[in-house]
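Residue-level listing of the chains:
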Amino acid sequence: MLYSGENTLCYAIPGKLVAIKGNIGVVDYFGEHRNVLIDTDAKVGEYVYAQGGVLISKVSKEEAEETLALWKEQFFALKKVDQKLSSVKKTGKESANTLAILQKVNVGKQLSKEDMLALLKLDNAAELKLVYDTANNLRQKRNDNACCVHGILEFSNYCKNNCHYCGIRKSSRIKRYRMTPDEIIAAAEHAVKELGFKAIVLQSGEDEWYDDERLARIVREIRAMGVLVFISIGVRSKETYKRLYDAGARAVLLRFETSNRKTFDALRPGTNLDERLELIKYAKKLGYILATGFIVGLPGETDEDLIDNILLTRSLGADMYSFGPLIPAEETPLEKQKPTTKEMLLKTIALTRFADPEAKILVTTAFETLDKDARREGLLAGANSLMLNITPVQFRKLYRIYPGRPDTDKKIEEGIKQTVELLYSLGRAPTDLGI
Ligand code: SF4
């Protein structure tokens, strides 16, 4: 196993910057070339780290060569495991229509909405396995075995909104917390320096206690640690998003939750779908890496809605698709709803992979809440991205966005160990090489 410390893993392999065209750099990893957005003063010939498609820091030749020497064997060994696991075998029990649709995927054609609906309606285990395997095969061919692992820091569970599905909605009678800017920076520093994370996601409810000045300071100080800073703070003004970009944030996680206007209005009182979409587009235009998506299984959701959600995510230019199941939270208007099934989530991952072969598709921690094998199965159905909770334990259990979270008591080191074991067993490299 390749750890860079006792309980730390390498989340990025250093690569050599071999060309620069404008603000895009070409980085060489053992002969493979990837493009990255340059966000440092790196020069051709220098070694660098990239995350999420952004060149985040330079690394000395000595450190790079030492890490690369450790990685070289592992890099190719993992690829072999991944190639083996992503092969596709038919059983002969698949219908001619399913085979015809999947053949379109195999020859690089886009599926029609009708094709996607037909796949969504499948309920036969052999056919579903072929769908997931085809998606995983496409992921392997187009993205290889890199799987980015970002650390998520949930810094406040205050929210001014009252979304019907959310456990930390304003009217929930949960214990509230706010980490101070110093606590946030210290927690990020621990994750970066002690645990080796190269990308930190700063997540909260919509909490305006954190004004622009506080947020900008937090972003600036974490960016200075040489990592990618992701912000997930909900709807704030365009000025705030601009200011945080200027402070060094380079990625945004902002879901639209559902493309169905009626459902949105019913479940997110006081908020506005157009305003959210406008902000997502603005963030993309500013140059942020965009992670967006939706909830799978909201009440009244139709198969058409689900396909529309995937297509809307694509049309917004998502670099990373983030969707999770509905897990009804106590004392919310949806507490009696049925949770989304694992099967529906896996189908959503596979269809997303077909719709956007190059995308990063995130397996959120909520998957694990549904079923202990769901993360593994998600990665084998076309997903290629994970987040690990790095919130200090005393706060983590209070971020009760949904019940039964598996990671509330788990030590961060334990979460890392389990994740590395999972990824290695699947032949995935827990790294982010760029795009
Ligand atoms: S879903 Fe987001 S915006 Fe809605 S109540 Fe929960 S934290 Fe707030």
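Residues numbered from 1 in each chain as written. Predicted model: local features only at pLDDT ≥ 70, side-chain atom pairs only at ≥ 80, totals over all residues. Heavy atoms only, no water.

A. How the structure looks around the overall build of the protein chain. On a plain count of helices and strands, the protein chain comes out with 15 helices and 17 strands. Expected size for 435 residues packed as a compact globule is a radius of gyration near 22 Å; at 21 Å, the protein chain falls within 12% of this value. Each of the three principal axes of the protein chain carries a C-alpha extent, and together these read 55 × 50 × 40 Å. The contacts in the protein chain between residues at least 6 apart in sequence include a share of 73% that link residues at least 24 apart. For the protein chain, the accessible surface area stands at approximately 17700 Å², while carbon and sulfur atoms represent 50% of it. (Helix = DSSP H or I, 4+ residues; strand = E, 2+ residues; numbered from the N terminus. Rg over C-alpha atoms; globule rule 2.2 N^0.38 Å. Contact = heavy atoms within 4.5 Å. Areas by Shrake-Rupley, 256 points an atom, 1.4 Å probe, with all protein chains shown as cover.)

B. A look at the domain arrangement of the protein chain. Assigned domains of the protein chain: these are domain 1 (3-84), domain 2 (89-141) and domain 3 (144-425). With 24 residues of domain 1 at the contact, the number on the domain 3 side is 24 residues. A combined buried area of about 2100 Å² lies between domain 1 and domain 3, and 55% of that area is made up of carbon and sulfur atoms. The interface formed by domain 1 and domain 3 contains three salt bridges. A salt bridge links Asp 39 to Arg 250, with the shortest nitrogen-to-oxygen separation between them at 3.2 Å. For the interface between domain 1 and domain 3, the tally reads four residue pairs in polar contact (both at pLDDT 80 or more). Of all the elements in the fold, those that place two or more residues in the side of domain 1 that touches domain 3 are strand S2 (8-9), strand S5 (32-38), strand S6 (47-51), strand S7 (54-59) and helix H1 (61-85). Looking at side-chain class alone, the side of domain 1 that touches domain 3 contains twelve nonpolar, seven polar and five charged residues. (Domains from an automatic or database assignment. Buried area = accessible area lost by both parts, 1.4 Å probe. Salt bridge = Lys/Arg side-chain N within 4 Å of Asp/Glu carboxyl O. Polar contact = N/O pair within 3.5 Å; in protein donor to acceptor, adjacent residues only side chain to side chain. Nonpolar A, V, L, I, M, F, W, Y, C, P; charged D, E, K, R; others polar.)

C. The arrangement of the confidence of the model for the protein chain in detail. When pLDDT is averaged along the protein chain, the result is 91; 96% of the residues meet or exceed 70. Low pLDDT (under 50) marks residues 1-10, which in the prediction has 31 contacts with non-local residues, meaning those over four places away or in another chain. (pLDDT = per-residue confidence, 0-100.)

D. Representation of empty space enclosed by the protein within the structure. For the coordinates displayed, the defined rule picks out three cavities of 30 Å³ or more. Computed from the structure, the largest cavity encloses a volume of approximately 820 Å³. Lining the largest cavity are 38 residues, with Gln 203, Arg 255, Glu 257, Tyr 399 and Ile 401 positioned closest to its centre. Here the residues of the lining of the largest cavity sort into 19 nonpolar, eleven polar and eight charged. (1 Å grid on protein atoms, 1.4 Å probe; cavity = no way out; pocket = protein on both sides within 12 Å on 5 of 7 lines; lining within 4 Å. Points joined across faces, edges and corners; volume = space filled by probe spheres on them.)

E. Focus on the sheet that holds strand S9 (residues 199-204). Ordered in space as S8-S9-S10-S11-S12-S14-S16-S17, the eight strands form a closed barrel in which the pairing is parallel. Inspection of the sheet shows strand S8 (residues 148-156) paired to strand S17 (residues 385-389) by five bridges, in the parallel sense. Each bridged residue has a counterpart across the sheet, and for Ile 152 the counterpart in S17 is Asn 389. (Pairing = 2+ DSSP bridges.)

F. Inspection of the pairing of strand S16 (residues 360-363) at higher detail. Side-chain alternation along S16 places Lys 360 and Leu 362 on one buried face and Ile 361 and Val 363 on a second face that is also buried. Pairing between strand S14 (residues 320-321) and S16: two bridges, direction parallel. The residue bridging Met 320 from the neighbouring strand is Lys 360, located in S16. Two strands pair when backbone bridges link them, and S16 and S17 are joined in this way by two bridges, in the parallel orientation. If you follow Val 363 over to S17, its bridge partner there is Leu 386. (Buried < 20%, exposed > 50% of the residue type's maximum accessible area, 1.4 Å probe, protein only.)

G. A look at the packing of helix H7 (residues 238-247) against helix H9 (residues 273-286). In contact at an axis separation of 10 Å, H7 and H9 are set at 25° when each is read in the N-to-C sense. Here H7 is positioned roughly parallel relative to H9, judged by the angle of their axes. Considering how the two elements wind past one another, H7 and H9 form a crossing that is right-handed. When H7 is examined against H9, the residues Lys 238, Tyr 241, Lys 242 and Tyr 245 are found in contact with a partner set consisting of Glu 278, Leu 279, Tyr 282 and Leu 286. For the contact of H7 with H9, the per-class residue count stands at five nonpolar, no polar and three charged. (Axes fitted to C-alpha atoms, helices over the stretch in contact; angles between N-to-C directions. Parallel < 35°, antiparallel > 145°, perpendicular 65-115°, else oblique. Left-handed = near helix turned anticlockwise from the far one by under 90°.)

H. Molecular detail of the pattern of salt bridges. Scanning the model with the defined rule gives 35 salt bridges in all. Between Lys 58 and Asp 41 there is a salt bridge, and its shortest N-O distance comes to 3.2 Å. Within this pair, whereas Lys 58 is found in strand S7, its partner Asp 41 is found in the loop between S5 and S6, the two being separated by 17 residues in sequence. Classification of Lys 58 as partly exposed rests on a relative accessible area of 36%. Owing to a relative accessible area of 51%, Asp 41 belongs among the exposed residues under this scheme. Shared partners join several salt bridges into a network, and the residues in it are Glu 32, Arg 34, Lys 79 and Asp 144.

I. Focus on the side chain of Ser 86. Here Ser 86 lies in the loop between H1 and helix H2 (96-106). Those residues in contact with Ser 86, other than ones at most four positions away along the chain, are Asp 133, Asn 136, Asn 137, Arg 139 and Gln 140.

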